[in-house]
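Spelled out from the first residue to the last, the chains are:
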Amino acid sequence: MLLIFVTPNHKNSKQMSKKHDPASAIQSLKHFGEFGGVNPSITDSATFTFMTEDEMINAFHGEAPGCFLYSRHWNPTNRYLSESLAAMEGTELAWVTGSGMAAITTTLLQLCNSGDHIITSVTTYGGTFAFLNNYLKKFNIDVTFVNIENHDSIRKAIRPNTKVLYTESMTNPMLQISDIPALTEIIKGTDIKLVVDNTFTPMIIAPAQLGADIVVYSMTKFINGKNDMVAGAICASEQFINDISDVNTGTAMLLGPVLDPLRSSMILKNLGTLHIRMQKHSENAMYLALKFKEAGINFKYPGLPEHKNFELFEKLRNKDFGYGGMIAIDLETAERAAPFMELMQERGVGYHAVSLGYFKTLFSNSGKSTSSEVPEHIQEEMGLSQGLVRFSVGLDHDIERTWLLIKSCLVDLNYL
Ligand SMILES: Cc1ncc(COP(=O)(O)O)c(C=O)c1O
């Protein structure tokens, strides 16, 4: 049985002459449903039939392009979403996973063998930190944690067995911006791969266009935008995607972190509105950042010149999508942050919950939640305050109303 796909009409970074336009790249794809539907049909089959034994044998040897074997390997619905994500990033291909952590761990375990070495930004999502700091010890994979802004420390950390330089485009929760082109320069001429988690800034930053080898996502966040599932993605060269899905040696094929195709079909439909959602998240976050600034609150937002990476962000970002929906304020202690978040939830600012990229505003104390895996002395070293309240700003129609609610909480707690 042969299934033919419409080939995505995108080019990889080296062929690209015009500015990369992730929204148009997604929009230009044509994925028809079985009966001419405007959404591609969902293939919820675990396995696929073959007319002849020869065809099946060829498929298992990777010699039957367009054939599907088994959904842990590839599934047509996952393929549609993967092609759309590849178009968005301008990579040759992508592969979709059951969570963001699955995308990260699959990538790192494919790139590293026992005895290898990784250099990573110390500021990453707490789960990523825990995997790098605790879990990889099982495989004798050494990890050096650096301040990703200190390029000298990266150069000094490189060893003959270094396989990966890892960072987040906009780091969680410090909202630092990684200088992806400079990082690419540092590893030029080596075998080191630059892996970038772009979860906070889809469409705003295009890491592969800036030189990253592999881009990973938690699609749980902005890409899906509905907070109704966990999912992830790996965007990379065709070779790398073939490597992870190889039936004999591929980490994705052998550890089995594949995304369910029903979930893929849901994400694919949400991807079509991502560009508009990112614009609105950014617009609302900028509004709040300006209000925090006016009120004299200690805040972090890389979209204003007060942020140390503002100029770099200006250089790297796609100006069509703003500066992102993530903002943080520093209330100094966990004891001051707790009643503030509880009151904001009570008054309807949004939800006191981890995660991000939802249409409602979410807030949490990073040091006590999504970065709690990072030991306190390291939190201190990276400048993570115990009172840092991170906001993922929602798609609120009336953001002035939201600000007035936040302000009322600050005033009633005597913080303003
Ligand atoms: C930047 C970043 N990367 C990866 C992840 C992990 O994603 P998931 O929860 O989908 O496994 C998160 C989760 O919060 C995150 O914030």
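The structure presented is a predicted model; accordingly, all values stated were derived computationally and were not measured.

1. Some thoughts on the overall build of the protein
- The secondary structure content of the protein amounts to 15 helices and twelve strands.
- In terms of C-alpha radius of gyration, the protein reaches 22 Å, essentially the compact-globule figure of 22 Å for 416 residues.
- Dimensions of the protein along its principal axes, counting C-alpha atoms only, are 75 × 50 × 40 Å.
- Within the span of the protein, comprising 416 residues, buried residues form 56% of the whole.
- Residue pairs at least 24 apart in sequence account for 71% of intrachain contacts in the protein once pairs closer than 6 positions are excluded.
- Summed over all atoms, the accessible surface of the protein reaches about 17900 Å², with 51% contributed by carbon and sulfur.
- Side chains of the protein give 35 positive and 44 negative charges; the mean places of these two sets differ by 4 Å.

2. Let's talk about the site of the ligand
- In the vicinity of the ligand, 14 residues are found, and the nearest of them are Gly-100, Asp-197, Ser-218, Thr-220 and Lys-221.
- Here an oxygen atom of the ligand and a backbone polar atom of Gly-100 are 2.8 Å apart.
- Contact distances for the ligand include 2.6 Å between a nitrogen atom and a side-chain N or O atom of Asp-197.
- Considering every element that reaches the shell around the ligand, the biggest residue donor is helix α4 (residues 100-111), with three residues.
- Of the residues belonging to the shell around the ligand, the class tally is five nonpolar, six polar and three charged.

3. A few points about the environment of Gly-350
- Tracing the chain through its elements places Gly-350 in the loop between α13 (334-347) and β10 (351-352).
- Excluding residues within four positions of it along the chain, Gly-350 makes contact with Met-344, Gln-345, Thr-361 and Phe-363.

4. Quick look at the sheet that holds strand β8 (residues 299-300)
- An order of β8-β9-β12-β11-β10 is seen for the five strands of this open sheet, with the pairing classed as mixed. Two strands bound the open sheet, and with one partner strand each, they are β8 and β10.
- The sheet contact formed by strand β11 (residues 362-365) and strand β12 (residues 388-392) spans four bridges and is antiparallel. When the bridges of β12 are listed, Phe-363 appears paired with Phe-391.

5. Looking at the nonpolar core
- In this structure, Leu-85, Met-219, Phe-292, Phe-340, Phe-391 and Ile-406 are the most contacted members of the largest nonpolar core, which totals 92 residues.
- Sorting elements by how many residues they give to this core places helix α11 (residues 274-295) first, with seven residues.
- For Phe-340, the residues in contact, after removing those within four places along its chain, are Ile-329, Leu-331, Val-389, Phe-391, Ile-406, Cys-409, Leu-410, Leu-413 and Tyr-415.
- The next biggest cluster of nonpolar side chains, apart from the first, holds 27 residues, and it includes Ile-118, Val-143, Ile-244 and Ala-252.

6. A few points about the packing of aromatic side chains
- This model, assessed by the stated rule, comprises ten aromatic pairs.
- Between Phe-48 and Phe-68, the ring centres sit 5.7 Å apart and the planes meet at 40 degrees, which makes this aromatic pair tilted. Placement of the pair is Phe-48 in the loop between α1 (22-27) and α2 (53-60) and Phe-68 in the loop between α2 and α3 (76-89), with a sequence separation of 20 residues. Per residue, the accessibility class of Phe-48 equals that of Phe-68, and both read buried.
- Considering the side-chain rings of Phe-292 and Phe-391, the 5.9 Å spacing of their centres and the 45 degrees angle between planes classify their relative orientation as tilted. Taken together, the residues span a long stretch of sequence, with Phe-292 in helix α11 and Phe-391 in strand β12 at a distance of 99 residues.
- Residue classification places Phe-391 among the buried positions, given a relative accessible area of 0%.

7. What about the sheet that holds strand β1 (residues 93-97)?
- Pairing is mixed across the open sheet formed by seven strands, whose spatial order is β1-β7-β6-β5-β4-β2-β3. Taken across any chain shown, the strands that pair with only one partner, and hence form the sheet edges, are β1 and β3 (142-146). Between one strand axis and the next, the sheet turns by 20 degrees as a mean value, whatever way the strands run.
- Note: strand β5 (residues 193-197) against strand β6 (residues 214-218), three bridges, orientation parallel. Looking at β6, one finds that Asp-197 is bridged to Val-216.

8. Quick word on helix α10 (residues 261-271)
- When we look at burial in α10, the residues that qualify are Pro-261, Ser-264, Ser-265, Ile-267, Leu-268, Asn-270 and Leu-271.
- The elements touched by buried residues of α10 are α1, α3, β1 and α11.
- Where α10 starts, the residue carrying a side-chain oxygen 2.8 Å from the main-chain nitrogen of Leu-262 turns out to be Asp-260.

9. Quick notes on the side chain of Ser-265
- Inspection of the secondary structure puts Ser-265 in helix α10.
- With a relative accessible area of 7%, Ser-265 lands in the buried category.
- Not counting residues within four places of it along the chain, the set of residues in contact with Ser-265 comprises Ile-42 and Thr-77.

10. Let's talk about the pairing of β11
- Burial along β11 is two-sided: the face carrying Leu-362 and Ser-364 and the face carrying Phe-363 and Asn-365 are both buried.
- Bridging between β10 and β11 involves two bridges; their strand directions are parallel. Bridge pairing in β11 links His-352 to Phe-363.

11. Side note on the environment of Cys-235
- Mapped onto the secondary structure, Cys-235 falls in strand β7 (residues 232-236).
- Judged by its relative accessible area of 0%, Cys-235 falls in the buried class.
- As for Cys-235 and Glu-89, which are separated by 146 residues in sequence, their C-alpha atoms are 7.1 Å apart.
- With sequence-adjacent residues up to four places away left out, Cys-235 is seen in contact with Leu-85, Glu-89, Thr-91, Leu-93, Ala-94, Asp-213, Ile-214, Val-215 and Tyr-217.

12. Details of unusual backbone geometry
- At the junction of Asn-172 and Pro-173, the peptide bond is cis and its omega measures out at 5 degrees in the coordinates.
- Positionally, Pro-173 belongs in the loop between β4 (162-168) and α7 (180-187).
- Although it is not a glycine, Met-203 sits at a positive phi angle of roughly 70 degrees.
- Its place among the elements puts Met-203 in the loop between β5 and β6.

Procedures and definitions
- Residues numbered from 1 in each chain as written.
- Predicted model: local features only at pLDDT ≥ 70, side-chain atom pairs only at ≥ 80, totals over all residues.
- Heavy atoms only, no water.
- Helix = DSSP H or I, 4+ residues; strand = E, 2+ residues; numbered from the N terminus.
- Rg over C-alpha atoms; globule rule 2.2 N^0.38 Å.
- Buried < 20%, exposed > 50% of the residue type's maximum accessible area, 1.4 Å probe, protein only.
- Contact = heavy atoms within 4.5 Å.
- Areas by Shrake-Rupley, 256 points an atom, 1.4 Å probe, with all protein chains shown as cover.
- Lys, Arg positive; Asp, Glu negative; His and termini not counted.
- Charge placed at Lys NZ, Arg CZ, Asp CG, Glu CD.
- Near = heavy atom within 4 Å.
- Polar contact = N/O pair within 3.5 Å; in protein donor to acceptor, adjacent residues only side chain to side chain.
- Nonpolar A, V, L, I, M, F, W, Y, C, P; charged D, E, K, R; others polar.
- Pairing = 2+ DSSP bridges.
- Core = buried A, V, L, I, M, F, W, Y, C linked by side-chain atoms within 4.5 Å.
- Phe/Tyr/Trp six-rings, centres within 6.5 Å; stacked < 30°, edge-to-face > 60°.
- Axes fitted to C-alpha atoms, helices over the stretch in contact; angles between N-to-C directions.

By themselves, these figures tell us nothing about what the structure is for.
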